[in-house]
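# Survey of secondary and tertiary structure
Next come the chains, spelled out residue by residue.
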Amino acid sequence: MTGIRKLVAAVFVGLALTLLAATPAAARADKLKLTVAGDGAEGVTIQATYADGRRLDKLVRLVLTATGPDGQKVGPVQLEPQPEGQGFYSSGPLLSAGAWKVTVTSPAPLPGKATATVRARPAQTPQAPAPVAVTTPTDDTGGANWWPFAAAGLVLVAAAMGVAMLFGRRRTD
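Residues numbered from 1 in each chain as written. Predicted model: local features only at pLDDT ≥ 70, side-chain atom pairs only at ≥ 80, totals over all residues. Heavy atoms only, no water.

## Side note on the overall build of the protein
The secondary structure content of the protein amounts to two helices and seven strands. The order of helices and strands in the protein, counted from the N terminus, is α-β-β-β-β-β-β-β-α. Long-range pairs, those at least 24 residues apart, make up 54% of the contacts in the protein with a sequence separation of at least 6. Looking at the protein as shown, the accessible area adds up to about 13,100 Å², and 63% of this sits on carbon and sulfur atoms. (Helix = DSSP H or I, 4+ residues; strand = E, 2+ residues; numbered from the N terminus. Contact = heavy atoms within 4.5 Å. Areas by Shrake-Rupley, 256 points an atom, 1.4 Å probe, with all protein chains shown as cover.)

Structural data, given as structure tokens:
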């Protein structure tokens, strides 16, 4: 009878250890790591991953709030995922020029929060290409400069044929 009790106790201890070991892994997977950065102009980009570094495989809703240089406030703005990559979010142009304190949060079931200082710059437009000058020939030959080359070519062909005729041998069968 004591052997059965030991076996049952061992099964319960093993089950309890299995549940305790699995709990921290589940808790880690239930949090997000958010990386916030400026997009080089007037927007914000966010990369969302699991806290343990794995790529995000679920759609999450992120909310952005920002405080600007003169106390200006933007948000809350709900961000949508972008096609550039898994877990990539972008706000688009919504900040004016200056340093902004940006906070991005994610609600349950995958909570996460990140705050960063982002420097927004006005969008740059590409410079217009420099004009290309078109030049025209200054002489009034009307494109008649080709005939000396043609004449030289004809003379070379005639000379080659003459040499071939002079030094050519006749065959006698």
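## Structural notes on the pairing of strand β4 (residues 73-79)
Here five bridges tie strand β3 (residues 62-67) to β4, and the two strands are oriented antiparallel to one another. Bridge pairing links V63 to Q78 in β4. Turn length for the β3-β4 hairpin, with the two strands adjacent in sequence and antiparallel, is five residues, and the turn residue G71 shows positive phi of about 80°. (Pairing = 2+ DSSP bridges.)

## So, the packing of aromatic side chains
Inspection of the entire model under this criterion finds zero aromatic pairs. Sitting above the plane of the Y50 ring, R54 keeps its charged end 4.4 Å from the centroid. (Phe/Tyr/Trp six-rings, centres within 6.5 Å; stacked < 30°, edge-to-face > 60°. Lys NZ or Arg CZ within 6 Å of the ring centre and 35° of its normal.)

## Describing the confidence of the model for the protein
Counting all residues, the mean pLDDT for the protein is 76, and 76% of those residues have values of 70 or more. Within the protein, helix α1 (residues 2-29) has the poorest average pLDDT of any element, 54, and helix α2 (residues 147-167) the best, 89. Residue range residues 23-28 is modelled with pLDDT below 50. Its contacts to residues more than four positions away, or to other chains, number two contacts. (pLDDT = per-residue confidence, 0-100.)

## What to know about the pairing of strand β2 (residues 44-50)
A large share of β2 lies buried, amounting to six of its seven residues. Sheet topology places strand β1 (residues 32-38) next to β2; seven bridges connect them, and they run antiparallel. Bridged to A37 within β2 is T45. Taking the residues that link successive antiparallel strands as the turn, the β1-β2 hairpin has five residues, and the phi of G40 there is positive, at about 95°. Two strands pair when backbone bridges link them, and β2 and strand β5 (residues 88-90) are joined in this way by three bridges, in the antiparallel orientation. Counted as the bridge partner of Q47 is F88 from β5. (Buried < 20%, exposed > 50% of the residue type's maximum accessible area, 1.4 Å probe, protein only.)

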